[in-house]
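One-letter residues, chain by chain:
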Amino acid sequence: MTPAPSPTATTEDPKRLAEFEARIARGETIEPKDWMPEKYRRQLVRMMSQHAHSELVGMLPEANWITRAPSLRRKMSLMAKVQDEAGHGLYIYCGTETLGVDRHDLTNQLLAGTAKYSSIFNYPTLTWADIGAVGWLVDGAAIVNQTMLAKASYGPYARAMVRICKEENFHKRQGFEIMSILSAGTPEQHAMAQDALDRWWWPSLMMFGPHDKDSPNSDELLRWGIKKKSNDELRQRFVNLTVGQAKAINLTIPDPGMKFNEATKNWEFSDINWDDFWRVVKGDGPCNRERLAARRSAHANGEWVRAAAEAHAQKHARKESAA
Ligand code: BYC
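Parameters and conventions
- Residues numbered from 1 in each chain as written.
- Predicted model: local features only at pLDDT ≥ 70, side-chain atom pairs only at ≥ 80, totals over all residues.
- Heavy atoms only, no water.
- 1 Å grid on protein atoms, 1.4 Å probe; cavity = no way out; pocket = protein on both sides within 12 Å on 5 of 7 lines; lining within 4 Å.
- Points joined across faces, edges and corners; volume = space filled by probe spheres on them.
- Helix = DSSP H or I, 4+ residues; strand = E, 2+ residues; numbered from the N terminus.
- Nonpolar A, V, L, I, M, F, W, Y, C, P; charged D, E, K, R; others polar.
- Core = buried A, V, L, I, M, F, W, Y, C linked by side-chain atoms within 4.5 Å.
- Buried < 20%, exposed > 50% of the residue type's maximum accessible area, 1.4 Å probe, protein only.
- Near = heavy atom within 4 Å.
- Polar contact = N/O pair within 3.5 Å; in protein donor to acceptor, adjacent residues only side chain to side chain.
- Areas by Shrake-Rupley, 256 points an atom, 1.4 Å probe, with all protein chains shown as cover.

Draft legend 1. Structural context of the layout of surface pockets. Quantified by volume, the second largest pocket comes out at close to 320 Å³. Every residue lining the second largest pocket is listed: L56, A86, L90, Y93, R103, H104, T107, R295, A298, H299, G302 and R306. For the lining of the second largest pocket, the secondary-structure elements that each account for two or more residues are α4 (72–97), α5 (103–112) and α12 (288–301). Counted by class, the lining of the second largest pocket contains five nonpolar, four polar and three charged residues.

The structure is reproduced here in structure tokens:
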């Protein structure tokens, strides 16, 4: 049965919109050259560009520890992880280009401070245990979110997620390993691991976005199969998975009110401080200014690389036209 046209997309040709929504209902994948409603395209650009920016800004809190990693092995795996995040950003920017936007425009929005990126990367990495907590919790949350996005209706985004999730799994394992070794170490090391969990727990839950009732984009994203599960459903799944992992490495989730509901099989958790969340999203978190300054500086320092690449491309094009 063809679903009724979305009330949010009434400016589109109703016949085409109905055909499009029927394709989504049949579980078909939408590809770049297929017809799509303008709002579907815009939602994808919004979400994918925020995601790509998050990958790039997400390199910063971890890069902070590359020179201070406690061993060569740890340094190598952290460097590989940070490099992977750059790759993820690039796949997703490529994905946005299939929707007719230029990645330079998206980069300029990030540098101008008008684009969003994940709130989680505006917190500082104070100790080595934070690198463990980021891998375990932040990549763990990303896997829960992105495993669902790997089934998204837009082909280029979904396919990028398949590869990204494989790499995120490695990231999560290295983070969990760091946390488990610290937790089983000296009392000081255990305390360092617990302190990192205490500071990263609530921001990790915020990664999934506001409650469903306060999420203006969710209805449209779910209707068009971009999201397969809501913010609250994914957050709950992450909590359910993580409680047992914390117990296994003898760490305590900083939520004394948490309890298991036998009927729903969910770990119920306390209220999230949404004022804190919105403050960080709006640019006033502990590291927002520092992160943007670092991106701007990296962009300015890379100017000569872009100029050299451009000159090389022009030289190559001249040679080809002369041949
Ligand atoms: N931080 O209507 P809602 C990574 C914004 S990278 C900041 O629920 P939506 C990793 C939201 O954008 C992690 N802003 O939005 C990298 C919207 O504002 P606009 C990033 C947030 O899109 C390196 C408004 O609040 N992952 O994994 O339905 C190392 C209302 O929200 C946040 C992705 O980007 C937030 N946490 O749902 C390690 C995944 N939450 O745009 C790991 C793809 C909400 O209307 N994105 N906002 O002005 C998504 O799955 C969804 O976009 C979200 C939000 C669940 C994040």
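Draft legend 2. Expanded view of the nonpolar core. Ranked by size, the top nonpolar core spans 72 residues in total, and within it Y40, Y154, Y157, M179, W200 and W201 carry the most contacts. Of all the elements, helix α6 (residues 128–149) adds the most residues to this core, at 12 residues.

Draft legend 3. Molecular detail of the side chain of S204. Along the chain, S204 turns up in helix α8 (residues 187–206). Residue S204 is classed as buried on the basis of its relative accessible area of 0%.

Draft legend 4. Main features of the site of the ligand. Around the ligand, the structure places 34 residues, and the nearest of them are R46, Q50, K116, S215 and K227. Between an oxygen atom of the ligand and a side-chain N or O atom of K116, the distance comes to 2.6 Å. With respect to the ligand, the backbone of S119 contributes an N or O atom lying 2.8 Å from a nitrogen atom. In isolation the ligand exposes 1,000 Å². Once the protein is present, 91% of that is buried. Elements with a minimum of two residues in the shell around the ligand: α2 (38–57), α6, α9 (218–223) and α11 (274–281). Classifying every residue of the shell around the ligand gives 16 nonpolar, 12 polar and six charged.

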